[in-house]
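# Understanding the architecture of this molecule
Residues per chain, in single letters:
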Amino acid sequence: MDNIISIKDIDLNQKKVFIRCDFNVPQDDFLNITDDRRIRSAIPTIRYCLDNKCSIILASHLGRPKEISSKYSLEPIAKRLSNLINKEVLLAKDVIGEDAKKKASELKSGEILMLENLRFEKGETKNDENLAKELASMAQIYINDAFGVCHRSHASVEAITRFFDDKTKCAGFLLQKEINFASNLIKHPTRPFVAVVGGSKVSGKLQALTNLLPKVDKLIIGGGMAFTFLKAQGFNIGNSLLEEELIEEAQKILQRGKELGVKIYLPVDVVAAPSCSADAVMKFTPAQEIPSNWMGLDIGPASVRLFKEVIADAQTIWWNGPMGVFEIDKFSKGSIKMSHYISESHATTVIGGGDTADVVARAGDADEVTFISTGGGASLELIEGKELPGIKPLRIKVYE
Ligand code: AMP
């Protein structure tokens with residue numbers, strides 16, 4: 001179990017538990033929750049605690065509030081969770097204020113209290129030890145189930161762990177699952193292992209690419225980042241997205257791939273348009289023939305077919321980053337088709353990153369893939385091989 005203190009290792013019976021969740025869900029202008037996946041993902045841990053007769057304090061951040069405002073209140077989250085688990089969820093008016101403290105101390109076995117938005121407290125993002133101490137004082141057990149913020153040293157994620165020992169802090173089920181999937185990918189993927197990367201920038205995924213390269217059998221590069229690689233091969237890419245300063249780095253990756261025997265695939269054709277807008281004219285062009293003033297905004301049909309062949313024999317697929325500007329319908333086909341092919345494959349399929357999860361949901365494939373990570377940045381950092389500040393304190397210490 002990857003050396004993580006599991007919730008199953010802890011005596012939870014009738015304890016007061018503090019669960020750091022990631023309820024940072026998207027909302028529309030009327031504060032309606034548009035995707036409640038993160039709330040649903042927290043339920044197994046909450047139910048397990050209920051089964052152990054715990055009293056439960058839930059804490060999360062939501063958005064990036066500059067000050068306390070109803071716009072960032074966790075009220076809609078508490079309501080949605082309450083509907084999902086068919087049980088009352090109390091909401092505190094503050095985080096460590098009078099109301100939260102009172103409600104927390106009066107909480108009985110089987111009751112659930114949600115604190116207000118953690119980021120209403122300035123100390124949260126500063127990893128403030130005093131705030132962490134106040135939060136810790138509310139409960140006997142600390143459970144981290146907030147994978148999406150584990151790459152951040154925040155008070156409720158890192159500093160708080162200093163107030164609990166190895167018998168009173170642990171990872172919840174969601175966090176364990178996230179860590180397991182990422183470490184299986186890195187340590188023992190079933191082969192052939194194909195990584196599919198896309199999205200806008202090479203820079204955001206450079207470290208992940210470098211770390212993954214010796215581990216994968218094939219690498220498919222699509223999306224905006226493919227153009228820096230095409231440019232590195234001497235293609236004229238018109239006005240397509242380019243990170244000039246990374247051309248050399250892209251060349252190195254292609255070269256290193258060759259040395260390692262990793263097959264690297266780039267788009268052979270693109271959907272090109274003079275501008276990135278829904279009403280622009282568009283055409284399919286070979287990657288060699290992008291007109292000077294046009295830009296590539298999606299992979300073309302030949303690339304889609306090629307990539308389909310490439311993943312056909314995969315046993316493990318990791319996908320991070322859309323193949324094109326999927327937010328605009330006419331440039332979304334490449335991403336949607338890749339989603340279908342990846343989800344139809346017999347491989348273990350792991351999806352990382354919010355945009356990619358969005359594509360998979362839009363394509364109607366969310367139930368067909370093996371695992372969709374709830375944390376974009378955090379999942380990328382795990383794949384990059386980094387130790388995350390929220391996960392490190394939960395590792396089982398090995399004494400010599
Ligand atoms: P990232 O956050 O790096 O994963 O990038 C996701 C974004 O990349 C999405 O908003 C896409 O619209 C964008 N994207 C994908 N392909 C392209 C492209 N060919 N040109 C410009 N942007 C793209």
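About the thresholds
Numbers given to residues run from 1 along each chain, matching the order in which its sequence is written. Side-chain atom pairs in this predicted model are given and counted only at pLDDT of 80 or more, local residue features only at pLDDT of at least 70, and totals for whole chains, interfaces and linings cover all residues. Computation of side-chain values: all heavy atoms of the structure, hydrogens and water removed. UniProt positions are given in the numbering used here, feature names are shortened, and annotations may be inferred rather than shown by experiment. Proximity is defined per residue: if any heavy atom of the residue lies within 4 Å of a molecule or strand, that residue is considered near it. Pairs of N or O atoms are called polar contacts if they sit within 3.5 Å, as long as, within protein, a hydrogen donor faces a hydrogen acceptor (for residues adjacent in sequence, only side-chain-to-side-chain pairs). Accessible surface is estimated by sampling points in the Shrake-Rupley manner with a 1.4 Å probe; for residues, cover comes only from the protein chains shown. Ten residues, namely Ala, Val, Leu, Ile, Met, Phe, Trp, Tyr, Cys and Pro, are considered nonpolar, four, namely Asp, Glu, Lys and Arg, are considered charged, and the remaining ones, Gly among them, are considered polar. We define the nonpolar core as a collection of buried residues of types Ala, Val, Leu, Ile, Met, Phe, Trp, Tyr and Cys that are connected through side-chain atoms lying within 4.5 Å of one another. Residue exposure (1.4 Å probe, protein chains only): buried if accessible area is under 20% of the type maximum, exposed if over 50%, otherwise partly exposed. Counting from the N terminus, the helices are DSSP H or I runs at least four residues long and the strands are E runs at least two residues long. Source of the domain bounds: an automatic or database domain assignment. It only takes one pair of heavy atoms within 4.5 Å for two residues to be counted as in contact. The term buried area refers to how much accessible surface (probe radius 1.4 Å) is lost by two components on association, counted for both of them together. The salt bridge criterion pairs a side-chain nitrogen of Lys or Arg with a carboxyl oxygen of Asp or Glu, the two atoms within 4 Å. When DSSP finds two or more bridges between two strands, those strands count as paired. To count as a disulfide, a pair of cysteine sulfur atoms needs to be within 2.5 Å.

You'll find the chain entered in an unreviewed UniProt entry as Phosphoglycerate kinase, with Campylobacter novaezeelandiae given as the organism. Taken verbatim from the UniProt record of the chain, the Sequence similarities (unreviewed entry) comment is "Belongs to the phosphoglycerate kinase family." UniProt, in the comment section headed Subcellular location (unreviewed entry), describes the chain in these words: "Cytoplasm".

### Topic: the site of the ligand
Taken together, 14 residues sit near the ligand, with Ser200, Lys205, Gly224, Gly296 and Glu327 positioned nearest. Interatomic distance of 3.0 Å between a side-chain N/O atom of lysine 205 and an oxygen atom of the ligand. Between glycine 296 and the ligand, the recorded distance is 3.0 Å, taken from a backbone N or O atom to a nitrogen atom. Protein coverage of the free-state accessible area of the ligand, which is 510 Å², stands at 77%. Here the shell around the ligand is built from residues that sort into four nonpolar, six polar and four charged.

### What about the nonpolar core?
Residues Phe229, Trp318 and Ile391 are the most contacted members of the largest nonpolar core, which totals 51 residues. Those elements that provide at least two residues to this core are α6 (173–187), β7 (193–197), α7 (206–212), β8 (218–221), α8 (226–232), α9 (247–260), β10 (269–273) and α13 (376–383). Built from parts of two domains, this core gets at least three residues from each of domain 1 (7–175) and domain 2 (189–383). Grouped together as the second largest cluster of nonpolar side chains are 30 residues, Val25, Ala42, Ile85 and Val89 included.

### Observations concerning the domain arrangement of the chain
Domain parsing of the chain yields domain 1 (7–175) and domain 2 (189–383). The C-alpha-based centres of domain 1 and domain 2 are spaced at 35 Å. Across the boundary between the two partners, domain 1 contributes eight residues, which contact ten residues of domain 2. Interface area for domain 1 against domain 2, summed over the two sides, is near 760 Å², with a carbon-plus-sulfur share of 63%. Together, Arg37, Phe147 and His151 form the three largest contributors to the area buried by domain 1 at its contact with domain 2, with a combined 69%. Our count for the domain 1 to domain 2 interface comes out at zero salt bridges. Joining domain 1 to domain 2, the criterion identifies one residue pair in polar contact (both at pLDDT 80 or more). Looking at the side of domain 1 that touches domain 2, the element that brings in the most residues is helix α1 (residues 37–41), giving three residues. Taken together, the residues of the side of domain 1 that touches domain 2 sort by class into two nonpolar, three polar and three charged.

### Regarding the pairing of strand β13 (residues 316–320)
The element β13 is extensively covered by neighbouring structure, given that five of its five residues are classed as buried. Here β13 shows two buried faces, one formed by Thr316, Trp318 and Asn320 and the other by Ile317 and Trp319. Here β7 pairs with β13 via five bridges, running parallel. By the bridge assignment for β13, valine 196 is matched with tryptophan 319.

### Regarding the state of the cysteines
Within the structure shown, the criterion is met by zero disulfides. Cysteine 150 forms no disulfide, and the closest cysteine sulfur to it belongs to cysteine 21, at a distance of 12 Å. By relative accessible area, which is 0% here, cysteine 150 ends up buried. With no disulfide partner, cysteine 170 has as its closest neighbouring cysteine sulfur the one in cysteine 49, 7.7 Å distant.

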